[in-house]
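Fold and contact review
Now for the letters of each chain:
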Amino acid sequence: MFGRLMPQEGKFFDLFNQHAALCVKGAQEMVGLMTNFDDLENRTHAVESIEKQADKITYECVDLLHKTFITPLDRDDIHKLITSMDDILDMMEDAAQTVSLYDLHAVTPEAARLAELCLSACKKVQEAVALLHDMGNAQKIVAICEEIDRFESDADHVMRAAMSKLFRDEPDVRNLIKMKAIYEILETVTDRCEDVANIVEGIIVENA
């Protein structure tokens, strides 16, 4: 009887998966935003809406953490994982709002490439999180985390090359400042994905 009254520990993995799916959805909107400005307002609104949905999942996960006596993973790991995933979408929202606030009418191919790398990294975050319920998947998860690290490294290289080109070729100081901010925010999205990968790898070390 007591066991039936306890929150189901498997619910945490459901929440992780729901959040990861929203990260991918947000990244898809960012790719669209960085490649086509015809629907800027709607895409910005979509990213903001996705971020709010993710906030609710984060809150639900933290609330469940307080109510659950026995958790499937270390409590601190659960908290770090869900909040770090939330950081990914926070940065996406920052990117979308920055594009809107700066009144950009076009972006560079480098910004589009960074958005694509964000999407690739988020898809791998989703894959890793989906396997986390079973520590028998440890090797697969570690391999996926290594791919996330590579995407972050690729994004870093793209950003450095983009910055160099920007400072070399952009005559308008205002445009330079605007694009520099966009590059930095997009690259930070991949940093946050790498943070999640590091947390997941730590969980594997502790539990596998």
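Structure: above.
Now for a description of the structure that goes with this document. (Residues numbered from 1 in each chain as written. Predicted model: local features only at pLDDT ≥ 70, side-chain atom pairs only at ≥ 80, totals over all residues. Heavy atoms only, no water.)

**Points about the overall build of the chain**
For clarity, the threshold we go by: Only DSSP runs of H or I with at least four residues qualify as helices, and only runs of E with at least two residues qualify as strands; both kinds are numbered from the N terminus onward. As a reference, a globule follows 2.2 Å times the number of residues to the power 0.38, and the radius of gyration itself is taken over C-alpha atoms. Two residues qualify as a contact provided that any one of their heavy atoms is within 4.5 Å of a heavy atom in the partner residue. Shrake-Rupley sampling with a 1.4 Å probe provides the accessible areas, and residues are treated as covered by the protein chains on show and by no other component. Neither His nor the chain ends contribute to the count of charged residues, in which Lys and Arg are positive and Asp and Glu negative. Positions of charges follow a simple convention, taking NZ of Lys, CZ of Arg, CG of Asp or CD of Glu.
Of regular secondary structure, the chain possesses 7 helices and 0 strands. Mapped in sequence order, the helices and strands of the chain form the string α-α-α-α-α-α-α. The C-alpha atoms of the chain give 18 Å as radius of gyration, which agrees with the globular expectation for 208 residues (17 Å, within 12%). Structurally, the chain occupies a C-alpha span of about 70 × 30 × 20 Å along its principal axes. The contacts in the chain between residues at least 6 apart in sequence include a share of 83% that link residues at least 24 apart. On the chain, roughly 10400 Å² of surface is accessible, and the fraction owed to carbon and sulfur atoms is 51%. Here the chain holds 21 positive side-chain charges and 40 negative ones, and the gap between their average locations is 2 Å.

**Digging into the packing of helix α6 (residues 138–169) against helix α7 (residues 173–207)**
Convention followed: Fitting a line to C-alpha atoms yields each axis, with helices limited to the stretch in contact; the angle taken between N-to-C directions then spans 0 to 180 degrees. An angle below 35 degrees is treated as roughly parallel, one above 145 as roughly antiparallel, one from 65 to 115 as roughly perpendicular, and anything else as oblique. For any helix crossing, the convention is left-handed if the near helix is rotated counterclockwise from the far helix by under a right angle, and right-handed if that rotation is clockwise. Any residue outside Ala, Val, Leu, Ile, Met, Phe, Trp, Tyr, Cys, Pro, Asp, Glu, Lys and Arg is labelled polar, Gly included; the first ten of those are nonpolar and the last four are charged.
Two elements in contact, α6 and α7, have axes separated by 9 Å at closest approach and are oriented at 165°. When the axis of α6 is compared with that of α7, the two are roughly antiparallel. Where α6 crosses over α7, the handedness of that crossing is left-handed. A per-class count over the contact of α6 with α7 returns 18 nonpolar, 2 polar and 9 charged.

**Describing the packing of helix α2 (residues 11–35) against helix α5 (residues 109–131)**
In contact at an axis separation of 8 Å, α2 and α5 are set at 165° when each is read in the N-to-C sense. Relative to α5, the element α2 lies roughly antiparallel. For the pair α2 and α5, the sense of crossing is left-handed. Side by side, α2 and α5 meet where Phe16, Asn17, Ala20, Ala21, Cys23, Val24, Ala27, Gln28, Met30, Val31, Met34 and Thr35 of the first sit next to Ala111, Ala112, Ala115, Glu116, Cys118, Leu119, Cys122, Lys123, Gln126, Val129 and Ala130 of the second.

**Points about the side chain of Thr58**
Counted only if it meets this: Here a polar contact is taken to be a pair of N or O atoms separated by no more than 3.5 Å, where protein atoms must pair a possible hydrogen donor with a possible acceptor and residues adjacent in sequence count only if both atoms sit in side chains.
Here Thr58 shows up in helix α3 (residues 40–67). Polar contacts involving the side chain of Thr58 include one to the side chain of His19, which spans 3.3 Å. Residues within four places of Thr58 in sequence aside, it is in contact with His19, Ile82, Thr83 and Asp86.

**With respect to the environment of Gly32**
Let me state the cut-off plainly: Burial classification: accessible surface area is computed with a 1.4 Å probe over protein chains only, and a residue below 20% of its type maximum counts as buried, one above 50% as exposed, and the rest as partly exposed.
Among the secondary structure elements, Gly32 is positioned in helix α2. Residue classification places Gly32 among the buried positions, given a relative accessible area of 10%. Each C-alpha atom of the pair Gly32 and Thr108 lies 13 Å from the other, and the pair is 76 residues apart in sequence.

**Topic: the pattern of salt bridges**
Basically, it comes down to this: Salt bridge criterion: a side-chain nitrogen from Lys or Arg within 4 Å of a carboxyl oxygen from Asp or Glu.
Inspection of every chain in the model, using the stated rule, returns 14 salt bridges. For Lys124, the salt bridge goes to Glu127, with nearest N and O atoms at 3.3 Å. In this pair, Lys124 and Glu127 are both assigned in helix α5, 3 residues apart and thus about one turn of the helix distant. Salt bridges here are not isolated pairs; linked through shared partners, they connect Asp76, Asp77 and Lys80.

Nothing here speaks to function; it is all geometry.
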